[in-house]
Amino acid sequence: MTRSHTVIDSPYGPLTLVATEGVLSALYMTEQRHRPPQETFGEVDARPFGAVIDQLEEYFAGERTEFDVPLRLEGTPFQRGVWEQLRAIPYGETRSYGQLADALGKSGASRAVGLANGRNPVGIIVPCHRVIGSTGGLTGYGGGLDRKRRLLAFEGAARAGTGGAGTLF
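Residues numbered from 1 in each chain as written. Predicted model: local features only at pLDDT ≥ 70, side-chain atom pairs only at ≥ 80, totals over all residues. Heavy atoms only, no water.

**As for the pattern of salt bridges**
Tallied over the entire structure, the rule returns six salt bridges. The shortest N-O distance in the salt bridge between arginine 95 and glutamate 93 comes to 3.1 Å. Taking the relative accessible area as the measure of exposure, glutamate 93 reaches 19% and is therefore buried. A salt bridge links arginine 130 to glutamate 155, with the shortest nitrogen-to-oxygen separation between them at 2.8 Å. Of this pair, arginine 130 sits in the loop between helix H4 (110–118) and strand S6 (131–132) while glutamate 155 is found in helix H5 (residues 145–155), placing the two residues 25 residues apart along the sequence. The buried category is assigned to glutamate 155, whose relative accessible area is 6%. (Salt bridge = Lys/Arg side-chain N within 4 Å of Asp/Glu carboxyl O. Buried < 20%, exposed > 50% of the residue type's maximum accessible area, 1.4 Å probe, protein only. Helix = DSSP H or I, 4+ residues; strand = E, 2+ residues; numbered from the N terminus.)

Below you can see the structure in the form of structure tokens.
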């Protein structure tokens, strides 16, 4: 497998974009939990990332609420199912781990959903920051709770089940 990467600036610090066979397979923040070693990212080459960079810039400028770049998500079938559910959470809204488990038809699997959420390799674009605890509180985030709080505030997200209206974190 051919891998390449580039690093871009963002309001949340540098973001490392990784492509596998020319398709985005990872977006990592600095000091992110579960970030693989840098040497696994391949050669530095920004060419595969033009559309990704454009869409991220539009998102950070408040001009984009959905991403439509191709992704190559590698994980277990359960993880990929969770990541697909993450992509279905609308901009400015949140869901609890339990709500995601229910959507997967796996009631009671909120802990497993949380573990899969934490292994999401494409932060921001696969919006794991939109998942909160059942009481509406912030819980773990691979990029750090401060980044999660800032991303949710940027999107105007509110407590789970409020559809974007209500008390901010």
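Still more ground to cover, so stick around.
**Re the pairing of strand S3 (residues 23–29)**
In summary, the side chains of a regular strand alternate between the two faces of the sheet. Judged by how many residues are buried, S3 sits mostly within the fold: six of seven residues are covered. Linking strand S2 (residues 15–20) back to S3 in an antiparallel pair, the connection comprises two residues, with glutamate 21 at a positive phi of about 50°. (Pairing = 2+ DSSP bridges.)

**Details of the confidence of the model for the protein**
Predicted coordinates in regions of low pLDDT should not be interpreted in detail. Averaged over every residue, the pLDDT of the protein is 88; residues scoring 70 or more account for 89%. Note on residues 159–169: pLDDT under 50 across the span, and 32 contacts to partners over four residues away in sequence or across chains. (pLDDT = per-residue confidence, 0-100. Contact = heavy atoms within 4.5 Å.)

**A closer look at the packing of aromatic side chains**
Going through the model one piece at a time under the given rule, you end up with six aromatic pairs. Relative to phenylalanine 41, the ring of tyrosine 28 lies with its centre 5.6 Å away and its plane at 15°, an arrangement referred to as stacked. Here tyrosine 28 is found in strand S3, whereas its partner phenylalanine 41 is found in the loop between S3 and strand S4 (43–44), with 13 residues between them in sequence. Members of the aromatic cluster, each reached through a chain of ring pairs, are Tyr12, Tyr59, Phe60, Phe67, Tyr91 and Phe154. (Phe/Tyr/Trp six-rings, centres within 6.5 Å; stacked < 30°, edge-to-face > 60°.)

**What about the pairing of strand S1 (residues 3–8)?**
For S1 and S2, the ladder comprises six bridges, and the chain directions are antiparallel. Across the sheet, isoleucine 8 pairs through a bridge with leucine 15, a residue of S2. Counting the residues in the hairpin turn of S1 and S2 gives six residues, including glycine 13, whose phi is positive at 100°. Here two bridges tie S1 to S4, and the two strands are oriented parallel to one another. Looking at the pairing, histidine 5 lines up with valine 44 of S4.

**Thoughts on the sheet that holds S1**
Reading across the sheet, the four strands line up as S3-S2-S1-S4 and stay open at both edges, with mixed pairing between neighbours. Looking at which strands have only one partner, the edges of the open sheet turn out to be S3 and S4. The pairing of S2 with S3 spans six bridges and is antiparallel. For threonine 16, the partnering residue across the bridge sits in S3 and is tyrosine 28. Along the sheet, helix H1 (residues 50–60) makes contact with S1, S2 and S3, crossing S2 at roughly 145°. (Axes fitted to C-alpha atoms, helices over the stretch in contact; angles between N-to-C directions.)

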